[in-house]
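Structure assessment
Spelled out from the first residue to the last, the chains are:
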Amino acid sequence: MTRTTPTTTRWSVATEPYDSPVAAALWRAYYTEVSDRWYLLHEGHATDPAELEREVAADTGEYLAPPNGLLLVARYEGEPVGTAGVRLADATTAELKRVYLRPEARGRGGAALLVSAAEDAARALGAERVVLDTRGDLVEARALYARLGYVESAPHNDHEFAEHWFTKELTGTWGP
């Protein structure tokens, strides 16, 4: 796999309505990948299609709507390939949600660009720190967050599948 440096001509990140067809397609890809990964690891089979449909329908992403949240979509050479959501958990804390890049877009610098844009969005919402949770089997995500300055922290929620919690202070990192 060839890695490329992200450039503005190849990558773009912009807000997207949480209920747009683009968001729906990317979320379906996200849910399919993380659900299949869990089921294959723990039960030896892919996700039951009916269960996947229930999970997709149960989490509309409405919490990523303004004024307390937003969804970002990353595009590579114009094609939508990833998402990152930000929602205010309280007046100074934003939660990073649904960070995802399609497999074919990975290794090209887009994940860091997408998370950086989400951090900027969190700052614009008034957040001073960002928190997130992830699973133990999502080792690539955990490595990404550590590389981007997130540190493991105490649990900030009791999400059923959360096994690792991270935080990053945003104050003092705002700059040119």
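Values in this document were obtained by computation on a predicted structure and should not be read as measured data. (Residues numbered from 1 in each chain as written. Predicted model: local features only at pLDDT ≥ 70, side-chain atom pairs only at ≥ 80, totals over all residues. Heavy atoms only, no water.)

**Describing the overall build of the protein**
What the protein contains, in helices and strands, is four helices and seven strands. Here the C-alpha radius of gyration of the protein, 16 Å, is about what a compact globule of 176 residues would show, namely 16 Å. By its C-alpha atoms, the protein is 45 × 40 × 30 Å across when sized along the principal axes. Contacts in the protein between residues far apart in sequence, at least 24 positions, make up 65% of those at least 6 positions apart. If you sum the accessible surface of the protein, you get close to 9500 Å²; carbon and sulfur atoms cover 55% of it. Considering the protein, the positive charge centre built from 18 side chains and the negative charge centre built from 27 side chains are found 6 Å apart. (Helix = DSSP H or I, 4+ residues; strand = E, 2+ residues; numbered from the N terminus. Rg over C-alpha atoms; globule rule 2.2 N^0.38 Å. Contact = heavy atoms within 4.5 Å. Areas by Shrake-Rupley, 256 points an atom, 1.4 Å probe, with all protein chains shown as cover. Lys, Arg positive; Asp, Glu negative; His and termini not counted. Charge placed at Lys NZ, Arg CZ, Asp CG, Glu CD.)

**Observations concerning the sheet that holds strand β6 (residues 151-152)**
Pairing between the strands of a sheet is mediated by backbone hydrogen bonds and can be parallel or antiparallel. Strand order in this open sheet of seven strands is β1-β2-β3-β4-β5-β7-β6, and the pairing throughout is mixed. Sheet topology places β1 (11-16) and β6 at the edges, where each strand pairs with a single neighbour. Of the pairings in the sheet, the one linking strand β4 (residues 93-101) to strand β5 (residues 129-134) comprises three bridges and is parallel in character. When the sheet's bridge partners are listed, Thr-93 is paired in β5 with Arg-129. Running over the sheet, helix α1 (residues 21-43) touches β1, β2 (69-76), β3 (79-90) and β4 and is turned about 80° from β4. (Pairing = 2+ DSSP bridges. Axes fitted to C-alpha atoms, helices over the stretch in contact; angles between N-to-C directions.)

**Brief notes about the confidence of the model for the protein**
Averaged over every residue, the pLDDT of the protein is 89; the share at 70 or more is 93%. Taken as a whole, residues 1-5 scores under 50 in pLDDT and shows ten contacts with residues more than four places along the chain or in a different chain. (pLDDT = per-residue confidence, 0-100.)

**Comments concerning the side chain of Glu-119**
Within the secondary structure, Glu-119 is located in helix α3 (residues 110-124). By relative accessible area, which is 7% here, Glu-119 ends up buried. If we ignore the near neighbours within four places in the chain, the residues touching Glu-119 are Tyr-150, Lys-168 and Leu-170. (Buried < 20%, exposed > 50% of the residue type's maximum accessible area, 1.4 Å probe, protein only.)

**Structural notes on the packing of α1 against helix α2 (residues 49-58)**
Following both chains from N to C, one finds α1 and α2 inclined at 130°, their axes separated by 10 Å at the closest point. Between α1 and α2, the angle falls in the class oblique. For α1 against α2, the interelement crossing comes out right-handed. In contact with Arg-28, Tyr-31, Thr-32 and Tyr-39 of α1, α2 contributes Glu-51, Leu-52, Glu-53, Glu-55 and Val-56. (Parallel < 35°, antiparallel > 145°, perpendicular 65-115°, else oblique. Left-handed = near helix turned anticlockwise from the far one by under 90°.)

**Concerning the nonpolar core**
One finds Trp-11, Val-86, Leu-96, Val-115, Ala-122, Tyr-145 and Tyr-150 to be the most contacted residues of the largest nonpolar core, which totals 27 residues. Elements with a minimum of two residues in this core: β2, β3, β4, α3, β5 and α4 (139-147). No other element matches the five residues that α3 contributes to this core. Apart from residues lying up to four places away in sequence, Leu-96 is in contact with Ala-84, Gly-85, Val-86, Val-115, Ala-118, Val-130, Val-131, Leu-132, Tyr-145 and Tyr-150. (Core = buried A, V, L, I, M, F, W, Y, C linked by side-chain atoms within 4.5 Å.)

**Focus: the pattern of salt bridges**
A complete count under the given rule lists twelve salt bridges for this structure. Salt-bridge contacts for Arg-106 lead to Glu-33; the nearest nitrogen and oxygen are separated by 2.8 Å. Separated by 73 residues along the polypeptide, Arg-106 in the loop between β4 and α3 and Glu-33 in helix α1 bring together distant segments of the chain. The class for Arg-106 is partly exposed, based on a relative accessible area of 30%. Across the salt bridge formed by Asp-137 and Arg-37, the nearest N and O atoms sit 4.0 Å from each other. With Asp-137 in the loop between β5 and α4 and Arg-37 in helix α1, this pair connects stretches of sequence that are 100 residues apart. Shared partners join several salt bridges into a network, and the residues in it are Arg-37, Arg-135, Asp-137 and Glu-140. (Salt bridge = Lys/Arg side-chain N within 4 Å of Asp/Glu carboxyl O.)

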